[in-house]
Amino acid sequence: MAIFWRYPGYRWLWSGQLLSQLGNAVFSILALWEIQLKAPVMLSIAGLAMTLPTFLGVIGGSLVDRYDPRKIMLMTDLLRGLAVFCGLLALVNPHWMLWIMIALIALNTLGGAVFSPAEMVLVPHLVNAEDLTGANGLYSVTSQIASALGSALGGAAVVGLGLRVVFGLDMGSFWISAVTIALMMRTVAAPSRQPEEKAEADHPSPAPALWIRLREGVATFGKIPVLTRLLPWIVLSNFAFMAAFTMMPYWIHHHLHASALWYGLVDASWATGLVIGSITAGSFRRWDLKPVTTAMSLIVGIFTLGFAFSPWPPLSALLMLAGGAANGVTNALFMTILQRVVPAHVQGRVFGLIMTLFGVANPLGALTAGLLLHVLPLAWSWLLAALSVTILALNMWRIKDEFTVLERHESPQIFPG
């Protein structure tokens, strides 16, 4: 947590995002609950609203490369707060309520498709290079904490608060986050751009140039071995883990023959492990990046494989805890790799493309899990996850040149506020 106090800009950004994600999580829980009460068939539409806008992440990344990512983050949160405010006003017509909530879910996801590449580009400019791994680990905790607290508070909000109060809280969380981003902007300058990038930003070119920039980002993606060798296996593991966790309740009931209590405990064990791993990731910065990332990926694969064959709920929970912790460290380390090896002038587009690939993998994993429930053995998704993570580790070990670049990376300039 020393990083949190050492860098004021990072502190403002982290605090604001924790608040906005918490407000959005509470809203999502309440919205999905109201939808299933009044029209369960519309849950599938809500699910599409939560996933389809992520496919536009590559376009959001192109905007990040073209304009100041700080201002993009500020405008995104201001506009999301405004959208919730408009939804609050529209609640005067109760017949619109379900469609309003689905529209807001889609707009929030779309905002995230623009916001996420911007924050990935900006974080390395908020901390020094030696603290980047720890900063990435701590930053990833925001979504995990927000998800856990938001689920609990969202359930309580269904009982104790009205719909309009939750709308107001969500709106306020976005606008308070915008204030923290404005305060963060005082501590760090806009990331520098190549001369041609600056000229294009000052004199915007016609719309077709956007597609040219997208192609440039894809071309750059294909020239970086860290991405071409590792990312396919990361996307595959995301697909497999999403399928596995989608069927987790069924797995606990039919494979472990345990109750809903154990489902909650096993699921919470994974989340707890992620938090532990994310928080402690900074302690590995003194070690060589390649062996640590390789080892942690192998550990995730080993504990995932163990979970697939575990016959006892307590053992399954322990395996989830250990695997989640190793996965939290791996995520932070890989984020550091991306921020250091991707050229600065195309980072937004490359990160946006990565977010888009993840956006495709997650809903496909959930859909495939249901379709193959009675076709393949129940353990197929856990075995695929273990295999993909193991292959990821082996490919990580084979990469050489990029890790030399990491050692030569210089800290971005920090502007204390």
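Numbering of residues starts from 1 in each chain and follows the order in which that chain's sequence is written. Local features in this predicted model are restricted to residues whose pLDDT is 70 or higher, and side-chain atom pairs enter the listing and the counts only when it is 80 or higher, whereas totals over whole chains, interfaces and linings include all residues. Hydrogens and water are ignored here; the side-chain numbers use all heavy atoms of the structure.

**Q** Got a sec to walk through the overall build of the protein chain? Specific residues and values, please.
**A** The secondary structure content of the protein chain amounts to 18 helices and 0 strands. Relative accessibility decides the category of a residue: with a 1.4 Å probe and only protein chains considered, values under 20% of the type maximum give buried, values over 50% give exposed, and everything between is partly exposed. Buried residues in the protein chain amount to 52% of all 417 residues. For the protein chain, the share of sequence-separated contacts (at least 6 apart) that also reach a separation of at least 24 residues comes to 88%. The method behind every accessible area is Shrake-Rupley, applied with a 1.4 Å probe, and residues are considered shielded solely by the protein chains displayed. When the accessible area of the protein chain is evaluated, it comes to approximately 18700 Å², of which 71% is carbon and sulfur surface. In this text, helices come from DSSP runs of H or I with a minimum length of four residues, and strands from runs of E with a minimum of two, each type numbered from the N-terminal end. Whether two residues touch is decided by their heavy atoms; if any such pair falls within 4.5 Å, the residues are in contact.

**Q** Can you break down the nonpolar core residue by residue, with the values?
**A** Here, the term nonpolar core denotes a set of buried Ala, Val, Leu, Ile, Met, Phe, Trp, Tyr and Cys residues that are joined through side-chain atoms within 4.5 Å. In this structure, Tyr10, Phe334 and Trp382 are the most contacted members of the largest nonpolar core, which totals 84 residues. At 12 residues, the largest contribution of residues to this core is made by helix H11 (residues 225-246). If we skip the residues at most four places from it in the chain, Trp382 touches Phe241, Ala244, Phe245, Met248, Trp251, Thr304, Phe307, Ala308 and Met320. Core analysis: the second largest hydrophobic core is formed by 25 residues, Val26, Phe27, Ala46 and Leu163 among them.

**Q** Mind laying out the side chain of Asp77, listing which residues take part and the relevant values?
**A** One can find Asp77 in helix H5 (residues 69-90). For Asp77, a relative accessible area of 0% puts it in the buried group. Any N or O atom pair separated by 3.5 Å or less is treated as a polar contact, with the protein-specific requirement of one donor-capable and one acceptor-capable atom, and with residues adjacent in sequence counted only for side-chain atom pairs. Only 2.8 Å separates the side chain of Asp77 from the side chain of Arg80, close enough to count as a polar contact. Apart from residues no more than four positions distant in its own chain, Asp77 is found in contact with Gln17, Phe115, Phe174, Trp175, Ser177, Ala178 and Ile181.

**Q** Give me the pattern of salt bridges: which residues, what numbers.
**A** Definition used for salt bridges: Asp or Glu carboxyl oxygen within 4 Å of a side-chain nitrogen of Lys or Arg. Under the defined criterion, the tally for this structure stands at 3 salt bridges. Among the ionic pairs, Asp131 bridges to Arg6, the shortest N-O distance being 2.8 Å. Here Asp131, found in the loop between helix H6 (97-122) and helix H7 (132-160), pairs with Arg6, found in helix H1 (residues 2-6); they are 125 residues apart in sequence, far enough to count as distant. Residue class for Asp131 comes out buried when judged on its relative accessible area of 3%. The partner of Asp77 in a salt bridge is Arg80, with the nearest N and O atoms 2.8 Å apart.

**Q** Describe the side chain of Thr294, listing the residues and the values that go with them.
**A** Tracing the chain through its elements places Thr294 in helix H14 (residues 289-309). Exposure remark for Thr294: the relative accessible area of 7% places this residue in the buried category.

**Q** Residues and numbers for the packing of H14 against helix H17 (residues 380-398), please.
**A** Only the stretch in contact is used when fitting a helix axis, every axis being a line fitted to C-alpha atoms; angles between N-to-C directions are given from 0 to 180 degrees. Across the interface, H14 lies against H17 with an axial gap of 8 Å and an inter-helix angle of 165°. In terms of axis orientation, H14 runs roughly antiparallel to H17. By crossing handedness, the relation of H14 to H17 is classed as left-handed. Residues are grouped as follows: nonpolar covers Ala, Val, Leu, Ile, Met, Phe, Trp, Tyr, Cys and Pro; charged covers Asp, Glu, Lys and Arg; every other residue, Gly included, is treated as polar. Its residues assigned to classes, the contact of H14 with H17 comprises 16 nonpolar, 6 polar and 1 charged. Orientation is classified from the angle alone, with under 35 degrees giving roughly parallel, over 145 giving roughly antiparallel, 65 to 115 giving roughly perpendicular, and any other angle giving oblique. Handedness of each helix crossing follows the sense of rotation of the near helix against the far helix: counterclockwise by less than a right angle gives left-handed, clockwise gives right-handed.

**Q** Any details on the packing of aromatic side chains? Residues and values, ideally.
**A** Working definition: a ring pair exists when centres of Phe, Tyr or Trp rings (six-membered ring for Trp) sit within 6.5 Å. Plane angles under 30 degrees give stacked, over 60 give edge-to-face, the rest tilted. Within this structure, the stated rule accounts for 10 aromatic pairs. For the pair Phe239 and Trp380, a centre-to-centre distance of 6.4 Å together with 50° between the ring planes defines the contact as tilted. Taken together, the residues Phe239 in helix H11 and Trp380 in helix H17 connect sequence positions 141 residues apart. By the burial criterion, Phe239 is buried, and Trp380 matches it. Each member of the aromatic cluster is reached from another via a ring pair, and the members are Phe241, Phe245, Trp251, Trp270, Phe307 and Trp382.

**Q** Residues and numbers for unusual backbone geometry, please.
**A** Not every positive phi belongs to a glycine, and His257 is a case in point at roughly 55°. With respect to the helices and strands, His257 occurs in the loop between helix H12 (248-254) and helix H13 (260-280). Judged by relative accessible area, His257 falls into the exposed class, the value being 65%.

**Q** I'd like to hear about a nonpolar patch on the surface, residue by residue, with values.
**A** Here a patch means residues that are over 30% exposed by relative accessible area and free of salt bridges, tied together within 9 Å if like-charged and within 5 Å if nonpolar (Val, Leu, Ile, Met, Phe, Trp, Tyr). Together, Met75, Leu78, Leu79, Leu82, Phe85, Leu89 and Trp175 line one region of the surface with nonpolar side chains, adding up to about 610 Å² of accessible area. Here the element with the most residues in the nonpolar patch is H5; it accounts for 6 residues. Residue position: Met75 is located in helix H5.

This is a description of form; function is not addressed.
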